[in-house]
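# Structure at a glance
Spelled out, the chains give:
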Amino acid sequence: MGEQLEALNKAMVELDLDAIAPLVEKALEEGEAPVDVLGAMCQGMTGVGALFEKGEYYLADLVLAGEGMKEGLAVLEPRLEAGALGGKGTVVLCTVKGDIHDIGKNLVATMLSSSGFEVVDLGVDVPEAQIVEAVRANGAKAVGLSVLLTSMVQSIADVVKALEAAGLRDQVKIAIGGACTTDALAEKMGVDAIGRDAVEAVRIFEGFCA
Amino acid sequence: MSESMTCLERVNAALELREPDRVPTFDVMEEYANIYKIIEKKPIPLGFLFSNKFTAAVIDRAAPLINMTGVMDREMDKFSHDRTAASVKLGYDATWVMHVPIWRFHDSRTATDIYGRAYDVVFDKEGNMGTPMFREGLITSPADWYAWDKRAILKWPERTNRAFKAIIDDMGDQIFVMAGFLFGLFENTWQPMGFERFSVALRRDKDFIKRVIKFYEDHFCMMLEAWADAGVPGAVYTDDQAFRSGPMINPRLMKELYGDSFCRITETAHKLGMKIIVHSCGRVYDLLEWWADCGFDGVHALEPTAGVELARVKEMVGDRMCLIGNMDITHILVDASKEEVFEAVRKSIADAGKGGGYMIAPTNSHPDISLERLGWMLEATETYGHYPLEIKADA
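In this text the structure is predicted, and so the values were computed from the model without any measurement.

### Focus: the overall build of chain A
Looking only at helices and strands, chain A features 9 helices and 5 strands. In sequence order, the secondary structure elements of chain A are arranged as α-α-α-α-β-α-β-α-β-α-β-α-β-α. Computed over C-alpha atoms, the radius of gyration of chain A comes to 18 Å, within 12% of the 17 Å expected from 2.2 N^0.38 for 210 residues, which places it in the range of a compact globule. Taking the principal axes of the C-alpha coordinates as reference, chain A spans close to 55 × 35 × 25 Å. In chain A, the share of contacts with a sequence separation of at least 24, taken over all contacts with a separation of at least 6, comes to 74%.

Structure follows, in C-alpha cells:
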C-alpha cells in the first residue's frame, strides 16, 4: 500500500474526519487507482469495526466512520468504474412497519456499503409489500429488518409471511436487529439470524451472500 | 407477614443501602390504558379525536390554538396525578412520576417538543395516546439552537412545582414519589440534532455541545428546586446513555462532557434533601462506576435484554448504589406463567437483595405489560422479599 493510502487508512481508523477527503484527492492526484483508494477506505472501516468489537470504539465512533466514508466517497465515486461498489450482493434494509428508529439501521447500511454490498435502504416504517417488491426488483439475496420497539415485533412476522406468500422466502435470508430482538424472538418470527450490532451484521450478510 | 416500616422508610432504607423490612417495589408505569384501568376512570379519548377524520381535520387546522390554550399541558398535569394514584392503588412503595408537558402539535399526526425534536403522534391498541415516536431532530446547526424559543423550558419549573404540590398533598404519605421529566442532558444534546449530526459535532464543535449541556444542567437544577419545594423526596435522572451493545459514546468522553454536570445535579439534589437515581436503558456496565462516582443514590432499568445481569451489577456497585429494576418486559411481565414471574422475582432478590439496596421494578413502561403479572410480581415480593432474606444468591 502506498504512502497516501496508508495515511488514508490511518485517518479512517483514527476517525480524522477533516483529513479523509483531502487524502482521497491527494491519492488520486498521485496516480493511485480509484479502486485501491476505495480499498484503503474499506480497510479503514474494517479497522474501525474491529475496534468497536474490542470495546475501544462506541456507537458514535461507528457513525463518525460512516461520515468519513461518505465524505471520502463524495470525492471518489465519480472516478470509480461501475460495479466497483456493491460486488458482494444486494441487501434490502429497513426499519419495520410501525417503527421509525433509524440509528442502528443507518449504521448497518453504512457498514454494509463500505464492506462491498449494494444496499437498498427503504427507510423507516416500511410496509411488508414494499419489502417484497424491493427484493423482487433488485434480486436481493438478503433482507435486514431493524426494530427497536417491542410493540412492533409482529411486523417481522408479517414480512416473513409476505415473502413466503410471494414465493421469495427460499431465495432470501432474513436477519433482524435492534434493541428488542433476542434469539428467542428470531426463532419465533422464523428469521435466519439476529445481529447484535452493525459489525456483526456485516459478518451475517457475508454468510448469507457467500 | 407483618411490616414494620412505612413505604417512605422502606424506600429510604433501600436507597441508603440499609436493610429495610422488605424489598421495596418501584412503579414505572406510564401507559394510559393500564393506568386508567387501575383507577377505574375513563381517559379523554384523545386517540379517537386524533384519528377520527372529522375531528382530525379540526385538529389539523386548529393545532396552534390547541397549543396556545395549554389543554395538552393540563392533560399532562392530570396524567401525572392519575398515574401516582394508580401506583398507590396497586400498593407500590415508590413510584417514578414523569411530568412532561412538552408536546406541541403541528396537526393530528405530527408534533414537536419544546426542545426541538419532531415526532409522530401514536396511539395504543385501545386508542389512548402513547409517548410520541421520535422521528428526527430539528436543530441542524448551532445557529438553530441559539435561535430556538426556550421560554417553555424556562417556565417549566414553576408548572412542575404546582403539579407535584398537588400530588404530594394528596398522596405523599402513601408512596415515595420520585419525580422525573424528559429528557436528561445526554438525550437533550443529541436528539434535537440527531445522532449523526451530534457525533460529528462532538469531533468538530465540542464547545457548542458543552454550551448546550450547561444550559440543560442549569435547567435540571431548577427542576430539582421546584420538586424539593413541592415536598418531593426523590428524583429520577432520566437519560438513556447506552444501547444494547454498550454506551452510545466513549465513556471517557461522557465523563469529560457530562461528569461535572452530573456531580452538580446529584449535589443539588442532596443539598435539597432529596435522593436521586439515574435511569438508562441499555448495556450499562461501562457507566455504572462512573454514575456511583457522580453521586447517584441508585440506578434503574438494568435491562436483561441488553445482557445486564443483576448479580454482576451487585458485585460491581451494589455497595455504592441501590439497584432498581431488571424485571423483564419482553416476556416475564407480558405473557409469562405465574411460576415464571415468581421465579424471576426470587432470582432478582437472591442476586441483589442481600444487605438491602435493591428495589423490584419493571425495566420500563410498555403497553403490553400485563396487570395480572404486575400483581404476581408484587405478590412474589411479599413471598420472597422480607428481611432477613430466606433465599440465598444463586450459585
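### Section: the interface of chain A and chain B
Facing the 16 residues of chain A at the interface are 23 residues of chain B. Per element, the largest residue contribution to the side of chain A that touches chain B is 5 residues, and it comes from helix α4 (residues 59–76) of chain A. Looking at the side of chain A that touches chain B residue by residue, the classes come out as 10 nonpolar, 3 polar and 3 charged.

### Concerning the sheet that holds strand β3 (residues 103–105) of chain B
Residues and elements named next belong to chain B. The strand order across the open sheet built from 4 strands is β3-β4-β5-β6, with neighbouring strands paired in antiparallel fashion. The sheet is open, and its two edges are formed by β3 and β6 (133–137), each paired on a single side. Taking each pair of neighbouring strands and ignoring which way they run, the sheet shows an average axis angle of 35°.

### Quick word on unusual backbone geometry
Residue B:Phe183 is bonded to the preceding B:Leu182 through a cis peptide linkage, with omega at 15°. By secondary structure assignment, the location of B:Phe183 is in the loop between β7 (176–180) and α8 (185–190). Here the amide bond leading from B:Tyr387 into B:Pro388 is cis, since omega sits at -5°, within 30 degrees of zero. Looking at the element boundaries, B:Pro388 is found in the segment after α16 (371–384). One non-glycine residue, A:Asp125, lies in positive phi territory at about 55°. Residue position: A:Asp125 is located in the loop between β2 (118–121) and α6 (128–138).

### Quick word on the pairing of β7(B)
Residue and element names in this part refer to chain B. The element β7 is extensively covered by neighbouring structure, given that 5 of its 5 residues are classed as buried. Of the two faces of β7, both are covered, the one formed by Phe176, Met178 and Gly180 as well as the one formed by Val177 and Ala179. As paired elements, strand β2 (residues 94–98) and β7 share 5 bridges and run parallel to each other. Of the residues in β7, the one forming a bridge with Met98 is Gly180. Strand direction decides the pairing type here: β7 and strand β8 (residues 234–238), joined by 2 bridges, are parallel. Across the sheet, residue Met178 finds its bridge partner in β8, namely Gly234.

### Digging into helix α7 (residues 151–171) of chain B
Residues and elements named next belong to chain B. Taking 1.5 Å per residue as the helical rise, α7 with its 21 residues ought to reach 30 Å, and the 31 Å between its terminal C-alpha atoms agrees with that figure. Bending of α7 peaks at approximately 35° at the position of Pro157. Buried within α7 we find Trp156, Thr160, Ala163, Phe164, Ile167 and Ile168. Elements in contact with the buried residues of α7: α5 (71–90), β2, β7 and α10 (206–230).

Rules behind the numbers
Residues numbered from 1 in each chain as written. Chains lettered and ligands numbered in written order. Predicted model: local features only at pLDDT ≥ 70, side-chain atom pairs only at ≥ 80, totals over all residues. Helix = DSSP H or I, 4+ residues; strand = E, 2+ residues; numbered from the N terminus. Rg over C-alpha atoms; globule rule 2.2 N^0.38 Å. Contact = placed C-beta atoms within 7 Å. Nonpolar A, V, L, I, M, F, W, Y, C, P; charged D, E, K, R; others polar. Pairing = 2+ DSSP bridges. Axes fitted to C-alpha atoms, helices over the stretch in contact; angles between N-to-C directions. Buried ≥ 20, exposed ≤ 12 C-beta atoms within 10 Å, placed from the backbone. Expected span 1.5 Å × (residues − 1). Bend = angle between axes of the 7 residues up to and from the residue.

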